[in-house]
Amino acid sequence: MAAGHSVVVLDNLSYGHRESIPKDVPFVEADMADSVKVRAALRDYKIELVMHFAALINVGESVHQPERYHENNVVRTFALLDAMIAEGVKKFVFSSTCATFGVPDKMPMSENLPQKPINPYGQNKLDVELKLRQLAREGKISFAAFRYFNAAGASADGSIGEDHQPETHLIPLAIAAALGRRPALKVFGTDYPTPDGTCLRDYVHVDDLSSAHIAVFDKLKETGLAFFYNLGIGVPYSVEDILKSVERVTGKPVPREYVERREGDPPALYADATKVRKELGWKPKYDTLDAIVSTAVRWHTLHPQGFSKR
Ligand code: UDP
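The text that follows walks through the structure, step by step, so that each part is easy to find. (Residues numbered from 1 in each chain as written. Predicted model: local features only at pLDDT ≥ 70, side-chain atom pairs only at ≥ 80, totals over all residues. Heavy atoms only, no water.)

**Some details on the packing of helix 7 (residues 239-250) against helix 9 (residues 289-302)**
Running from N to C, helix 7 and helix 9 cross one another at 60°; their axes reach a closest spacing of 9 Å. The angle between the axes of helix 7 and helix 9 places the two elements in the oblique class. Crossing angle aside, the handedness with which helix 7 passes helix 9 is right-handed. Together, Asp241, Ile242, Ser245, Val246, Arg248, Val249 and Thr250 of helix 7 and Leu289, Asp290, Val293, Ser294 and Val297 of helix 9 make up the contact between the two elements. Along the lines of polarity and charge, the residues of the contact of helix 7 with helix 9 split into six nonpolar, three polar and three charged. (Axes fitted to C-alpha atoms, helices over the stretch in contact; angles between N-to-C directions. Helix = DSSP H or I, 4+ residues; strand = E, 2+ residues; numbered from the N terminus. Parallel < 35°, antiparallel > 145°, perpendicular 65-115°, else oblique. Left-handed = near helix turned anticlockwise from the far one by under 90°. Contact = heavy atoms within 4.5 Å. Nonpolar A, V, L, I, M, F, W, Y, C, P; charged D, E, K, R; others polar.)

Structure follows, in structure tokens:
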């Protein structure tokens, strides 16, 4: 909207929140695999480009519920693509993930590393990437796939932030523990081959993810084009670094407990973001951990119960 585009949101609200959608943005309540409703929405609103964010996102859960993850993340995405193609909508932006690479041999991670996911979530996203390549080759669509690293933070004005049920992500859990709203944070694994023994990740602010999506629009001019970008800041932070940042920003200690590794977690994942910076002129606004964490702390302070129960 702010970038001059008209936006329509389609969501089945299984995890999304109606309150997160601005009042002046049209909203269609539907599943992405409901071809009747999706096709009607594509037609009625004369949609030119679809951005796909609808997925189950918990790596740990995906290990225990692989069929559910495949059905939601792959099968239903293919149904959405079928509906788009049937309606002649040819531009697609896909939220992929660094988890498609598995445990990479090289760090930082560039786009041309081999993709060998080690969990069903990463495999789901790779399955969709492969399908998109095929559809582009056939001249049916053009697309960009952004392989997100760790999406983090909240809108600067504190109006939109994370509200997952159940919450499994590090930053919201650490903030809740510091604010005394949850029990001690469990640190998953202290014996990784990293400087302090905890996992390294690349945390990127949601507004910066968003600006890359907007910047790619102009590249999707004709069908048959395929773009892949690793989307992270390129600076690795450990779980301990995150906890220290939450302590600095809140001024309170994060009670913690050291436990076993979580299944499916690679030791280190951080981006070589050269390509996205060069080709899209992408420049993250939030380039320090404390700046990112501050926005999340603001959201959680203003909305102790998340979206609906203020
Ligand atoms: N993590 C942790 N305790 C938690 C949640 C996460 O130690 O309660 C670690 C997790 O092992 C990973 C990092 O924090 O190394 C980020 O995990 P998160 O679930 O936020 O994102 P993911 O990397 O799985 O996308």
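**Looking at the side chain of Thr100**
Here Thr100 is to be found in the loop between strand 4 (91-97) and helix 4 (120-137). Looking at Thr100, its side chain comes within polar contact range of the main-chain oxygen of Thr97, at 2.9 Å. Looking at Thr100, its side chain comes within polar contact range of the side chain of Gln115, at 3.0 Å. (Polar contact = N/O pair within 3.5 Å; in protein donor to acceptor, adjacent residues only side chain to side chain.)

**Some details on the nonpolar core**
Within the largest apolar cluster, 24 residues are counted, with the highest numbers of intra-cluster contacts made by Ile171, Leu185, Leu243, Val246 and Val254. Those elements that provide at least two residues to this core are helix 5 (170-178), strand 7 (185-188), helix 7 and helix 9. Broken down by element, the residue count for this core peaks at seven residues, all from helix 5. With 19 residues, the next largest nonpolar core counts Met32, Val128, Phe143 and Phe228 among its residues. (Core = buried A, V, L, I, M, F, W, Y, C linked by side-chain atoms within 4.5 Å. Buried < 20%, exposed > 50% of the residue type's maximum accessible area, 1.4 Å probe, protein only.)

**Considering the site of the ligand**
Every one of the 15 residues lining the ligand counts as a neighbour, but Leu170, Lys186, Phe188, Arg262 and Asp265 are closest to it. The backbone of Phe188 places a nitrogen or oxygen atom 2.9 Å from an oxygen atom of the ligand. Coverage of the ligand by the protein amounts to 90% of the 510 Å² it exposes when considered alone. With four residues, the single largest contributor to the shell around the ligand is strand 7. Looking at the shell around the ligand residue by residue, the class counts come to eight nonpolar, three polar and four charged. (Near = heavy atom within 4 Å. Areas by Shrake-Rupley, 256 points an atom, 1.4 Å probe, with all protein chains shown as cover.)

**Quick word on the environment of Leu302**
Of note, Leu302 is situated in helix 9. Under the relative-accessibility criterion, Leu302 is labelled partly exposed at 45%. Along the chain, Leu302 and Pro183 lie 119 residues apart, while their C-alpha atoms are 20 Å from each other. The contacts of Leu302, once residues within four sequence positions are left out, are Asp157 and Gly158.

**Side note on empty space enclosed by the protein**
Within the structure shown, the criterion is met by two cavities of 30 Å³ or more. Roughly 50 Å³ of internal volume is contained in the largest cavity. Taken together, Phe101, Val103, Pro104, Asp105, Leu113, Pro114 and Lys116 make up the lining of the largest cavity. When grouped by side-chain class, the residues that make up the lining of the largest cavity number five nonpolar, no polar and two charged. Volume-wise, the second largest cavity comes out at about 40 Å³. As for the second largest cavity, its lining consists of Tyr203, Ile233, Val235, Tyr237, Asp287, Thr288, Leu289 and Ile292. When its residues are assigned to classes, the lining of the second largest cavity shows six nonpolar, one polar and one charged. (1 Å grid on protein atoms, 1.4 Å probe; cavity = no way out; pocket = protein on both sides within 12 Å on 5 of 7 lines; lining within 4 Å. Points joined across faces, edges and corners; volume = space filled by probe spheres on them.)

**Concerning the packing of helix 3 (residues 66-86) against helix 4**
Running from N to C, helix 3 and helix 4 point in directions that differ by 20°, and their axes come no closer than 9 Å. Judged by the inter-axis angle, helix 3 sits roughly parallel to helix 4. Between helix 3 and helix 4 the crossing geometry is right-handed. Taken together, the residues of helix 4 that come into contact with helix 3 (itself represented by Pro66, Tyr69, His70, Asn73, Val74, Thr77, Phe78, Leu81 and Ile85) are Pro120, Tyr121, Asn124, Asp127, Val128, Lys131, Leu132 and Leu135. Looking at side-chain class alone, the contact of helix 3 with helix 4 contains 11 nonpolar, four polar and two charged residues.

**Quick word on the state of the cysteines**
Here the structure, examined in full by the defined rule, presents zero disulfides. With no disulfide of its own, Cys98 lies 12 Å from the sulfur of Cys199, the closest cysteine sulfur. (Disulfide = S-S within 2.5 Å.)

**Here's the deal with the sheet that holds strand 10 (residues 226-231)**
Strands sit in the order 3-4-5-10 across an open sheet of four strands; the sheet is parallel. At either margin of the open sheet sits one strand with a lone partner, and together these are strand 3 (49-52) and strand 10. Each strand of the sheet is rotated relative to its neighbour by a mean of 15°, with strand direction disregarded. Pairing of strand 3 with strand 4 involves four bridges; the strand directions are parallel. Within the sheet, the bridge partner assigned to Met51 lies in strand 4 and is Val93. (Pairing = 2+ DSSP bridges.)

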